[in-house]
Amino acid sequence: QKGEYVINENLIFPPNVDVEIRAGSNLKIDSGISIIINGDLKILGSNKDPVEINSLSENKAFGTFAVCGRNKNNCIVKNLNLSGGSEGFVNGVYYSGAFSIHYCQNVVIDSTKISNAFNDDGLNIKYSKSISITNSKFFENYADQVDLDYCNGVVSNCIFIGKPNGSYNSDGLDLSGSSIYITNNQFMNMKDKGLSIGEKSLAYVYGNNFASNNKSIAIKDQSIGNIMSNVFISDSIDIDIFKKKKIFEGGKMIIYEKDTNSIKIRIDSFSTYSILDSNAIIEKFKESRFYNY
């Protein structure tokens, strides 16, 4: 229910117990302490009364706020502000994000802010069949703002901003083994990559803004990036296509023809790219699994 709660020891819910956190709830979690949910999660904040999950101490991180599903659970998050987490190792499971979601069939995150994670990822989602991340802001987390591993879905209308004194390996959105439609987002001030498409990922990247990143987009390790109508401002490299890990081949980019006139592309000898007209890329999108989104 609405109210303030102080969590000073690990709080672990049993399997198949569903958890609902209602508007106006304020959870203050002590240093190194984690909350683990093993069923469905609903966070039902509102514009007036968001749900707050923060560290009890301003200078010390809590562990992780995590959902560990059973390949059938759902995670619905609306109007959450989460700040000051890090990572957790609980009951033999490692959670790399301040907010971690593992093995949930459906994940919906909307109108949410995740910030100031002390270690690794702000948000990490692993093995989700369907995700939707919309209208949210991820900023000043130490390493990756959002990390998606083996997920399918959509990321749209979100903001990703790097931490000035964060890790030099930090990415805005990091994909591994995932298929994601990425549209109308902003990626700013990332010390490594705004968007990293890696390890056999498939991405449709349409209508995003990239500004003041080291690299705007990286396509690597047998990943395919379909690129159309993005804006690049003051980035060292706009698109980098390469092989990073020996077990993979190079990356592949498919790009809308007019986009090639003004962007900086770097490609290694293992990788390829193709230039198509806009109609051809739109037809490819209609044939893809993302079109119904």
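Relevant structure appears above.
Regarding a nonpolar patch on the surface
For step 1, the next point in the chain: Taken together, the side chains of Tyr103, Tyr127 and Tyr150 make up a nonpolar region of the molecular surface, amounting to roughly 290 Å² of accessible area.
For step 2, the next point in the chain: Within the fold, tyrosine 127 resides in strand 14 (residues 121-134).
For step 3, the next point in the chain: Given the relative accessible area of 37%, tyrosine 127 is considered partly exposed.

Concerning the environment of serine 201
For step 1, the next point in the chain: As for its placement among the helices and strands, serine 201 is situated in the loop between strand 21 (193-198) and strand 22 (202-206).
For step 2, the next point in the chain: Distance from serine 201 to cysteine 151, taken between C-alpha atoms, is 9.4 Å for residues 50 residues apart in sequence.
For step 3, the next point in the chain: Reaching out from serine 201, the side chain makes a polar contact with the backbone nitrogen of glycine 177 at a distance of 3.1 Å.

Regarding the pattern of salt bridges
For step 1, the next point in the chain: The full count for this structure, using the stated rule, is 9 salt bridges.
For step 2, the next point in the chain: A salt bridge links lysine 193 to aspartate 192; the nearest nitrogen and oxygen atoms lie 2.7 Å apart.
For step 3, the next point in the chain: Owing to a relative accessible area of 12%, aspartate 192 belongs among the buried residues under this scheme.
For step 4, the next point in the chain: Of the charged contacts in the structure, one is a salt bridge between lysine 245 and glutamate 199, with a shortest N-O distance of 2.3 Å. You can see lysine 245 sitting in the loop between strand 27 (237-242) and strand 28 (252-256) and its partner glutamate 199 sitting in the loop between strand 21 and strand 22, a full 46 residues away along the chain.
For step 5, the next point in the chain: Among the ionic contacts, a cluster of salt bridges with common partners joins Asp171, Asp192 and Lys193.

Observations regarding helix 1 (residues 278-287)
For step 1, the next point in the chain: Among all positions in helix 1, only Ser278, Ile281 and Phe285 are buried. End-on view of helix 1: buried residues confined to an arc of 65°, all on one side of the axis. Set apart from the buried face of helix 1 by more than 90 degrees, the exposed residues are Asn279 and Glu287.
For step 2, the next point in the chain: In the core, the buried residues of helix 1 are packed alongside strand 19 (179-183), strand 22, strand 25 (224-228), strand 28 and strand 30 (272-276).

Focus on the nonpolar core
For step 1, the next point in the chain: In this structure, Phe65, Phe99 and Leu148 are the most contacted members of the largest nonpolar core, which totals 57 residues.
For step 2, the next point in the chain: The element contributing the most residues to this core is strand 12 (residues 97-110), with 6 residues.
For step 3, the next point in the chain: Setting aside its immediate chain neighbours within four residues, phenylalanine 65 contacts Ile21, Ile35, Ile37, Leu41, Ile43, Ile53, Leu82, Ala98, Phe99 and Ser100.
For step 4, the next point in the chain: Grouped together as the second largest cluster of nonpolar side chains are 5 residues, Ala66, Cys68, Val90 and Tyr95 included.

Here is what the cut-offs are and how they apply
Residues numbered from 1 in each chain as written. Predicted model: local features only at pLDDT ≥ 70, side-chain atom pairs only at ≥ 80, totals over all residues. Heavy atoms only, no water. Patch = residues over 30% accessible without salt bridge, like charges linked within 9 Å, V, L, I, M, F, W, Y side chains within 5 Å. Areas by Shrake-Rupley, 256 points an atom, 1.4 Å probe, with all protein chains shown as cover. Salt bridge = Lys/Arg side-chain N within 4 Å of Asp/Glu carboxyl O. Helix = DSSP H or I, 4+ residues; strand = E, 2+ residues; numbered from the N terminus. Buried < 20%, exposed > 50% of the residue type's maximum accessible area, 1.4 Å probe, protein only. Polar contact = N/O pair within 3.5 Å; in protein donor to acceptor, adjacent residues only side chain to side chain. Arc of directions from axis to C-beta. Contact = heavy atoms within 4.5 Å. Core = buried A, V, L, I, M, F, W, Y, C linked by side-chain atoms within 4.5 Å.

Read these as spatial facts, not as claims about activity.
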